[in-house]
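# Breakdown of the fold
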Amino acid sequence: DTQPPQDGLTLVQAWTAARRRLVAAGIDSPVIDARLMLEAAAQASRTDIVMDPYRVLTQAQADRLDSFLTRREAREPVSHILGRKGFYTIELKVTPDVLTPRPDTEVVVDMAVKMTAADKPFRMLDLGVGSGAILLAVLSEKPLATGVGVDISLAALEVARENAALLKLTDRATFLHANWTEGQPDGAYDLVVSNPPYIATEVIATLDPEVRDYEPMLALDGGRDGLDAYRLLASEILRVLKPDGWFAIEIGHDQAFSVEALMRQAGAFNVRTIKDLANR
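Attention here is on the structure that accompanies the text. (Residues numbered from 1 in each chain as written. Predicted model: local features only at pLDDT ≥ 70, side-chain atom pairs only at ≥ 80, totals over all residues. Heavy atoms only, no water.)

What follows is about helix H1 (residues 11–24). Taking 1.5 Å of rise per residue, 14 residues should cover 20 Å, and H1 covers 20 Å from first to last C-alpha, within 8% of that figure. Of the positions making up H1, those classed as buried are Leu11, Ala14, Ala18 and Leu22. The arc that holds the buried residues of H1, viewed along the axis, is 65°, so those residues lie on one side. Exposed and oriented more than 90 degrees from the buried face of H1 are Arg20, Val23 and Ala24. (Helix = DSSP H or I, 4+ residues; strand = E, 2+ residues; numbered from the N terminus. Expected span 1.5 Å × (residues − 1). Buried < 20%, exposed > 50% of the residue type's maximum accessible area, 1.4 Å probe, protein only. Arc of directions from axis to C-beta.)

Along the chain, Thr16 turns up in helix H1. Residues Thr16 and Arg35, 19 residues apart in the sequence, show an inter-C-alpha distance of 9.2 Å.

Now for the pattern of salt bridges. Taken as a whole, this structure holds 18 salt bridges when the rule is applied. A salt bridge links Arg55 to Asp48; its shortest N-O distance comes to 3.9 Å. In this structure Arg55 comes out as partly exposed when scored by relative accessible area, which is 25%. For Arg72, the salt bridge goes to Glu210, with nearest N and O atoms at 3.0 Å. Remark: Glu210 occurs in helix H9 (residues 209–212) and Arg72 occurs in helix H4 (residues 59–73); sequence separation between them is 138 residues. For the residue pair Arg72 and Glu210, the accessibility class agrees, reading buried in each case. Linked through salt bridges whose partners overlap, the residues forming this network are Asp33, Arg72, Arg75 and Glu210. (Salt bridge = Lys/Arg side-chain N within 4 Å of Asp/Glu carboxyl O.)

On to the packing of helix H10 (residues 228–240) against helix H11 (residues 256–265). Relative to each other, H10 and H11 sit at 40°, their axes nearing to 8 Å. For the element pair H10 / H11, the angle class is oblique. Along this stretch, H10 crosses H11, giving a crossing that reads as right-handed. Where H10 approaches H11, its residues Tyr230, Arg231, Ala234, Ile237 and Leu238 are matched on the opposing element by Val259, Leu262 and Met263. (Axes fitted to C-alpha atoms, helices over the stretch in contact; angles between N-to-C directions. Parallel < 35°, antiparallel > 145°, perpendicular 65-115°, else oblique. Left-handed = near helix turned anticlockwise from the far one by under 90°. Contact = heavy atoms within 4.5 Å.)

Below, the structure is given as structure tokens:
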């Protein structure tokens, strides 16, 4: 469809109108969300919007944008509407079967990159791999590294495998259907990473609709106090790590004391907590 809509909506007008709709709907990040959906609907880049703001949308593009905005007004995450999300230096396919990668989780990747040498091969394990975000972001930065991603969800593993293929990392990433470290040998990994479910069950009902209504519960619910996964993982992470290996795990903002204690009790040392991008 190459016909412009009757009112001849331009890129800049479409962005402004989309932003206003999202503000009226109480969306947290209306400017960014409006731009991302406009780019996808109009097949335009950020540069196009800046350099060619008076380019007119076709009717099909305007209709597509309207459909995206209607879904976002219902609080469906942008990542689900567009089917993708940028994370660290990579872009990932995202579906309702996986947790949408968050910028704060990039801190785990940062730590993993700093912990490992650039010029030496190493083997890593990602427990609860989801979309493949952490594993694939690290492998993208470390060309000599190989890794295994484990998940209990077959649907999530399908997404992770597709992301590995899209990023041309299939030869260095293996994906296994298992419950955490089940079947993993002792002392096999230089690095273990994980972003396990850590939200207390009773808190889930209070979460934003984007999370509560659209994200997989398996990736959110950490049990009565949010610490179920860490109780299980503390000793298991150390079991599968080499004696001089490292681990990096995401935790809830108020769980540092508890998770550090669990890791130390299991025998870990040099345990420390760092803040995420929100300074939590």
